[in-house]
Amino acid sequence: MEKDLTTIDDLKEELPIRWAQAEPAEFLQKFVAKLQYLNQLLSQNSYIRGTSKVLNYIIKDATSNTMVLLAGMTGTGKTNLINALLSRPIMSPRIEVTTAINSIICYGEKEEVRAHFLDGQIASFDIDKVELFTALNTSSAKILREGLDFIEIFVRNDLLKMITLIDTTPLQLSGNETAYIKETILNRADDVFWIFKYGQEIVPEEIKLIEKLNRKNVIPLGVLNGIDLKDFNTNNLMIKYEDQLSKYVREIIGVSAKDALESIQNHDDEKWQKSQMDLLLKELEKTANNHAKRLAYITERFIHWLKRFQTELEIIQEREPYYTSYSNLKEYVENFDGIELREAAQNEHLSELTTLYKRHSIVFKQVSTLYQLIQVIETKPFSENQDIVSFKNQAKQYLSSVREYRKLHLEYNNLYQLVDKKHRKINGMALLKHIFGKHDGNEYFSEQVEKLNEQQQHIEKKYHVLKSEEQELLSSFKVVEKRLNQFVQNQLASISKDFSTIEFQRNSQNSKIQNAIIKLKGFDNIVEAQAFIIKFVNDYVLKEDFILTKDEKKQLEHTLQVIKNVNFDYQKYINQYQQVKPLSNAQIQTMVEEKNPFYPLKMTEDDVRTQLEEPPKLVEINNK
């Protein structure tokens, strides 16, 4: 959101220098404490990182030395002037290369250079690397300066304990032939010292820029460098500068950076006096002690910052991730009746799945005989599996053979009992023990014994066939038992998958809303900052009449009202969601599986085979 001076709105109409000397410092201390708390809130949010960064600069500048910006066109000797003020060549004296980056020169026990990059990164370098940033025109220096915002130069110098200097890049001409200064640097300055070069013509674009500053109530001090050249020019030239600049600067002082540097190098006090640098130092001291002006400018910057914060608030609701998160949450809450119907249907399905899972898990629990197994296999889930159906048919055939065998056995026993009963009646003794000798009825009994033996042969043959079927059945059972268990386990897994599908659908919707809530809560600190600003400005800033001009107060009240009108009502929907959100079925599947463990088929071979009577013995007749 940086703009050059050609697009900046009016900064200020008049400086509010209308308080007692003690008031500004006291108010500024309280004011900065409020801003620090505000910045703490905003620094937690990445969506307004740039705005938070600007506020941080305001706080930093308000708590540090008074900052004086030194501006001027190329060739005015600004670099030499700075070196003369610092009494050492900190800045590069190369006259063939202009200053390449804006530099903030401040006091530091440890002398170093801190490079501030546009992405927020900060890197430290030794003090002897200043030239690398400010003057060298090598390819490596150009690469290093890519993405660079500004540098801070920390120097042990008593002057810098009182004041901080901002060395700007020489004024450039934009595409429309208008000179400009980077706003972020200009806004950090408490005062502006404009450097002109004696004997160098003042271009119209430079005057236009100073006029724009004047309209913002920024009245710079004019510093005419190079008075050592006066001997080679007419006195009319000095008058010309005064006539040309008197309307735009609050005062013009003449100095000679060249004489000052020579006096420092040669320890020549007379040369120093001739340089008139003491006049410049007095102006710097005057600026440093003007707390009223400094507070006015910090207040002005805060008002501008509020305008920026207002703009951020107004566009947040239209930007991601706020817009989508808010829309999703609002739609969910407002359409919860429809969601309830859908989830009711899901709950009914879950109940059906629970019943089905339970039925499948115990399908083999009570199975202990071949007949029971066949009954289970004939139910729908198994009747569609060919291998299992084949085993069922084999088992049914085996049981049919068992029944047929038992029927034959029963027929034999019935016949035997009938013959034996008649034999007892006639002969008075059991059939098998006493069928011998000649007596009446032997022919009949012989015929019956022959019939019994025929049946015995048939039973014995059937018995051996049945035993063969039994072995084949047992062999098949070993394979099918595994398949039956696996088949049921697959059925249970399929039901569990249906559970998971419903859970996924619910989790997907719920996760979507939960993510929206998390993202919206990321704006809580902005909402808190919004409320804090409204109360802070209303209860503190606007009530102190000596702080603001009428126009500033009017502008601030308007900005505050716009900030207040920005309505972040997402918390209302979060609260409604908390009241109506559905119960999660995340544990339903686990509970169903734990309560209904799978009971596998555990029949043994003895459970499969049927206990059979041995075939009867042949009945032999003794005819002796």
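Residues numbered from 1 in each chain as written. Predicted model: local features only at pLDDT ≥ 70, side-chain atom pairs only at ≥ 80, totals over all residues. Heavy atoms only, no water.

This part covers the overall build of the protein. Across its full length, the protein holds 25 helices and 11 strands. Within the protein, the proportion of its 624 residues that are buried is 46%. Expressed as a percentage of contacts within the protein between residues at least 6 apart in sequence, the contacts between residues at least 24 apart total 81%. Of the accessible surface of the protein, which amounts to about 33000 Å², a share of 49% is contributed by carbon and sulfur atoms. (Helix = DSSP H or I, 4+ residues; strand = E, 2+ residues; numbered from the N terminus. Buried < 20%, exposed > 50% of the residue type's maximum accessible area, 1.4 Å probe, protein only. Contact = heavy atoms within 4.5 Å. Areas by Shrake-Rupley, 256 points an atom, 1.4 Å probe, with all protein chains shown as cover.)

Ranked by internal contacts, the top residues of the largest apolar core, which has 51 residues, are W305, F309 and V537. Where this core is concerned, the elements lending two or more residues are α1 (22-42), α2 (49-63), α13 (291-316), α14 (322-334), α20 (442-521), α21 (524-541), α22 (550-565) and α23 (570-580). Setting aside residues up to four positions removed in sequence, V537 forms contacts with F302, L306, L542, L556 and L560. Counting residues in hydrophobic clusters, the runner-up holds 45 residues, among them V367, L399, L415 and F499. (Core = buried A, V, L, I, M, F, W, Y, C linked by side-chain atoms within 4.5 Å.)

What follows concerns the packing of helix α3 (residues 78-86) against helix α12 (residues 277-288). Running from N to C, α3 and α12 point in directions that differ by 80°, and their axes come no closer than 11 Å. Considered as vectors, α3 and α12 are oriented roughly perpendicular to each other. Residues L81, A84 and L85 of α3 pack against M277, L280, L281 and L284 of α12. Taken together, the residues of the contact of α3 with α12 sort by class into seven nonpolar, no polar and no charged. (Axes fitted to C-alpha atoms, helices over the stretch in contact; angles between N-to-C directions. Parallel < 35°, antiparallel > 145°, perpendicular 65-115°, else oblique. Nonpolar A, V, L, I, M, F, W, Y, C, P; charged D, E, K, R; others polar.)

Under the criterion given, the structure shown has 28 salt bridges. The salt bridge involving E378 is made with K396; its shortest N-O contact spans 2.9 Å. Residue E378 is located in the loop between α16 (370-377) and α17 (380-383), and its partner K396 is located in helix α18 (residues 386-427); the two are separated by 18 residues in the primary sequence. Across the pair K478 and E605 runs a salt bridge whose closest N-O atoms are separated by 3.7 Å. (Salt bridge = Lys/Arg side-chain N within 4 Å of Asp/Glu carboxyl O.)

As summarised here, the arrangement of the nine strands in space is β4-β3-β5-β2-β6-β1-β9-β10-β11, forming an open sheet in which the pairing is mixed. Lying at the two open borders of the sheet, with one neighbouring strand each, are β4 (122-126) and β11 (252-255). With strand direction ignored, the average angle separating the axes of adjacent strands in the sheet is 25°. Looking at chain direction, strand β1 (residues 66-72) and strand β6 (residues 163-167) are connected through five bridges and run parallel. Bridge pairing in β6 places T66 opposite I163. Across the sheet, α3 touches β1, β2 (103-107), β6, β9 (191-197), β10 (221-225) and β11, and the angle it forms with β1 is around 145°. (Pairing = 2+ DSSP bridges.)

Right, let's get into α18. Here α18 is 42 residues long and its end C-alpha atoms lie 60 Å apart, about the 62 Å a rise of 1.5 Å per residue gives. Following α18 by one or two positions, G428 adopts a phi angle in the positive range, close to 70°. (Expected span 1.5 Å × (residues − 1).)

What follows concerns the pairing of strand β3 (residues 112-117). With respect to burial, β3 is a largely interior element, five of its six residues being buried. Pairing analysis gives five bridges linking β3 to β4, with the strands arranged antiparallel. Bridge pairing in β4 links V113 to F125. Here β3 hands over to β4 after four residues, with G120 in that stretch at a positive phi of 95°. With six bridges joining them, β3 and strand β5 (residues 148-155) adopt antiparallel strand pairing. Paired with H116 across the two strands is F150, which belongs to β5.

This part covers unusual backbone geometry. Most peptide bonds take the trans form, and the phi angle of most residues other than glycine is negative. E320 connects to P321 through a cis peptide bond whose omega is 5°. Looking at the element boundaries, P321 is found in the loop between α13 and α14. Although it is not a glycine, S87 sits at a positive phi angle of roughly 60°. Residue placement: S87 occurs in the loop between α3 and β2. By relative accessible area, which is 43% here, S87 ends up partly exposed.

Glancing now at the side chain of E283. Along the chain, the position of E283 falls in helix α12. Look at E283 and you get buried, because its relative accessible area is 8%. In contact with E283, not counting residues within four places along its chain, are F193, L221, E251 and I253.

This next bit is on the packing of α3 against helix α10 (residues 257-266). Packed helix pairs are specified by the crossing angle of their axes together with the interaxial distance, meaning the distance between the axes. Where α3 contacts α10, the axes come no closer than 9 Å and their chain directions differ by 35°. When the axes of α3 and α10 are compared, the crossing they make is left-handed. Two secondary-structure elements touch here, α3 through N80, L81, N83 and A84 and α10 through A257, A260, L261 and I264. Among the residues forming the contact of α3 with α10, the class breakdown is six nonpolar, two polar and no charged. (Left-handed = near helix turned anticlockwise from the far one by under 90°.)

As for its position among the elements, R188 is in the loop between α7 (183-186) and β9. Discounting chain neighbours no more than four positions away, the residues touching R188 are Y57, K60, D61, M67, I104, F150, I166 and R301.

Summed over the entire model, instances satisfying the criterion amount to 20 aromatic pairs. Taking 6.1 Å as the distance between ring centres and 15° as the angle between the ring planes, the aromatic pair formed by F302 and W305 counts as stacked. Taken together, the residues F302 and W305, both in helix α13 and three residues apart, mark about one turn of the helix. Taken as a pair, F302 and W305 share a single burial class, namely buried. Considering the side-chain rings of Y412 and Y416, the 6.4 Å spacing of their centres and the 20° angle between planes classify their relative orientation as stacked. Separated by four residues within a single helix, Y412 and Y416 lie in helix α18, roughly one turn from each other. The exposure class assigned to Y412 is buried, which follows from its relative accessible area of 4%. By relative accessible area, Y416 is classed as buried at 15%. Aromatic ring contacts, followed pair by pair, group F31, Y37, F302, W305, F309, F532, F536 and Y540 into a single cluster. Lying across the ring of Y57, R188 places its NZ or CZ 4.3 Å from the centre. A cation over a ring is seen here: K422 above Y444, with NZ or CZ 4.0 Å from the ring centre. (Phe/Tyr/Trp six-rings, centres within 6.5 Å; stacked < 30°, edge-to-face > 60°. Lys NZ or Arg CZ within 6 Å of the ring centre and 35° of its normal.)

Moving on: the confidence of the model for the protein. Overall, the predicted model of the protein reaches an average pLDDT of 81, with 82% of residues at or above 70. Highest mean pLDDT in the protein belongs to β10 (94); lowest belongs to helix α19 (residues 431-434) (57). Taken together, the stretch residues 1-21 has pLDDT below 50 and engages in 56 contacts with residues farther than four places along the chain or on a different chain. (pLDDT = per-residue confidence, 0-100.)

A few words on a negative patch on the surface. A contiguous patch of negative charge on the surface is contributed by E443, E447, E450 and E454. Mapped onto the elements, E454 comes out in helix α20. (Patch = residues over 30% accessible without salt bridge, like charges linked within 9 Å, V, L, I, M, F, W, Y side chains within 5 Å. Lys, Arg positive; Asp, Glu negative; His and termini not counted. Charge placed at Lys NZ, Arg CZ, Asp CG, Glu CD.)

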